[in-house]
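# Inside the fold
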Amino acid sequence: MRVADALGLATQRLNAAGIAGAARDARRIMAAALGVAPDRITLMSQEPLASAAEAVFLDLVNRRAAGHPVSHLVGGRLFCDRWFKVTPDVLDPRPETEGLVAAALKVPFADVLDLGTGSGAIILTLLAERPQAVGVAADLSQAALGVAAQNARALGVAERVQFVVSDWFDAVGGHYDLIVANPPYIAADEMAALQPEVRLHEPRMALTDEADGLTAYRKIAAAAPAYLRDGGHLMVEIGPTQGGPVARMMQSTTLSDVRVIPDLDGRDRVVVARKR
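This text gives an overview of the structure that appears in the document.

Rules of the game
- Residues numbered from 1 in each chain as written.
- Predicted model: local features only at pLDDT ≥ 70, side-chain atom pairs only at ≥ 80, totals over all residues.
- Heavy atoms only, no water.
- Helix = DSSP H or I, 4+ residues; strand = E, 2+ residues; numbered from the N terminus.
- Expected span 1.5 Å × (residues − 1).
- Buried < 20%, exposed > 50% of the residue type's maximum accessible area, 1.4 Å probe, protein only.
- Arc of directions from axis to C-beta.
- Contact = heavy atoms within 4.5 Å.
- Phe/Tyr/Trp six-rings, centres within 6.5 Å; stacked < 30°, edge-to-face > 60°.
- Axes fitted to C-alpha atoms, helices over the stretch in contact; angles between N-to-C directions.
- Parallel < 35°, antiparallel > 145°, perpendicular 65-115°, else oblique.
- Left-handed = near helix turned anticlockwise from the far one by under 90°.
- Nonpolar A, V, L, I, M, F, W, Y, C, P; charged D, E, K, R; others polar.
- Pairing = 2+ DSSP bridges.

### Looking at helix 3 (residues 51–65)
Helix length check: helix 3 (15 residues) gives 21 Å between terminal C-alpha atoms against 21 Å at 1.5 Å per residue, within 8%. Along helix 3, the residues that are buried comprise Ala53, Phe57, Leu60, Val61, Arg64 and Ala65. Seen along its axis, helix 3 keeps its buried residues to an arc of 140°; they face one direction. Exposed residues on helix 3 whose side chains face more than 90 degrees from its buried face are Ser51 and Ala52. Of the surrounding elements, those touching the buried residues of helix 3 are helix 1 (3–16), helix 2 (22–34), helix 4 (70–74) and helix 8 (196–199). Looking one or two residues beyond helix 3, the residue adopting positive phi is glycine 67, at roughly 110°.

Below you can see the structure in the form of structure tokens.
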């Protein structure tokens, strides 16, 4: 069987299972099975698929059809053009979160605090882009911090980041030029509507606060001014309906210059504020 033939069959299998982006997922899985970059698949399409690689490929396709996220099957995903290891212990980094990183890179900072770091995608990208900066990555999950530490080593920034087990600010000290967070913003009554690959395979504590989706923002907005230097920035990712409520939380503190930044689809995605 040629690579192209296997891809065709896999795409049909994934389409039949209701997987969106079946052809794209099949190519990513094939690349993982062959141990090559995804952009190599087109060049290899007419080559025969070795039996060992075929067995791995078919197993991964079946797991994808059963709803497992591609990032778990291939071991990670690209975020801001860098590869991050992803496991069931961390939230799968989304393209929308790149908007938070882009906003953060527009302001000056020598140090950064990332609350609920997960895979470390946000803070590690920021440190990779700012070679002189240092940071603290906090998460309540020790397992998540383990994944983030592996990503820090892979990206060559491990010497510039400290990992702390903390429930938001509880175990965090110091003051920062920048605080970033992508908190759990899915309300408890919205969880059932999530895609099964998200609801069943990503850490629930990273998805929902088991309440109205705003619990973490209340804590972060209230406490952040005490941890920001004068002129420092707080930036958080939000759900598309949360811009107004989160902005008002920040406006009720000593934070100023509060604004909501939309994503590429025009939906509210990031709230930014500055300490006076």
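### A word on the packing of aromatic side chains
For any pair of aromatic rings, the description rests on two quantities: the centre-to-centre distance and the angle between the ring planes. Within this structure, the stated rule accounts for two aromatic pairs. Their ring planes at 80° and their centres at 6.0 Å tell us that phenylalanine 79 and phenylalanine 84 sit as a pair that is edge-to-face. Exposure class is identical for phenylalanine 79 and phenylalanine 84. Each is buried. Residues phenylalanine 169 and tyrosine 227 carry aromatic rings whose centres are separated by 4.5 Å and whose planes lie at 20° to one another, so their mutual orientation is stacked. Of this pair, phenylalanine 169 sits in the loop between strand 5 (161–165) and strand 6 (176–181) while tyrosine 227 sits in the loop between helix 10 (215–223) and strand 7 (228–237), and the two are 58 residues apart along the sequence. Taking relative accessible area as the criterion, tyrosine 227 reaches 18% and is therefore assigned buried.

### Side note on the packing of helix 10 against helix 11 (residues 243–251)
Here helix 10 crosses helix 11 at 25°, and the two axes come no closer than 9 Å. As judged from the angle between their axes, helix 10 and helix 11 are roughly parallel. Every pair of crossing elements has a handedness; the one defined by helix 10 and helix 11 is right-handed. Across the interface between the two elements, Tyr217, Arg218 and Ala221 from helix 10 touch Val246, Met249 and Met250 from helix 11. In terms of residue class, the contact of helix 10 with helix 11 is made up of five nonpolar, no polar and one charged.

### So, the sheet that holds strand 3 (residues 111–115)
Strand-to-strand pairing in sheets goes through backbone hydrogen bonds, with the strands running parallel or antiparallel. Read across the open sheet, the seven strands follow the order 5-4-3-6-7-9-8; overall the sheet is mixed. Edge positions in the open sheet fall to strand 5 and strand 8 (255–262), since each of these has one partner strand only. Averaged over all pairs of adjacent strands, the angle between their axes in this sheet comes to 15°, without regard to strand direction.

### Overview of the packing of helix 1 against helix 2
Taken N-terminus to C-terminus, the directions of helix 1 and helix 2 make an angle of 130°; their axes are 9 Å apart at the nearest point. For the element pair helix 1 / helix 2, the angle class is oblique. In the crossing of helix 1 with helix 2, the sense of the turn from one axis to the other is right-handed. Contacts from Val3, Ala6, Leu7, Ala10, Thr11, Leu14 and Asn15 in helix 1 reach Ala22, Ala23, Asp25, Ala26, Arg27, Met30 and Leu34 in helix 2. Taken together, the residues of the contact of helix 1 with helix 2 break down into ten nonpolar, two polar and two charged.

### Topic: helix 1
An ideal rise of 1.5 Å per residue puts 20 Å on 14 residues; helix 1 measures up with 20 Å between its terminal C-alpha atoms. Buried residues of helix 1: Val3, Ala6, Leu7, Ala10, Thr11 and Leu14, and no others. Considered in projection along helix 1, the buried side chains sweep an arc of 135° and stay on one side of the axis. Along helix 1, the residues that are exposed and aim more than 90 degrees away from the buried face are Gln12 and Ala16. For helix 1, the secondary structure elements touched by its buried residues are helix 2 and helix 3. One or two positions beyond helix 1, positive phi appears at glycine 18, with a value near 80°.

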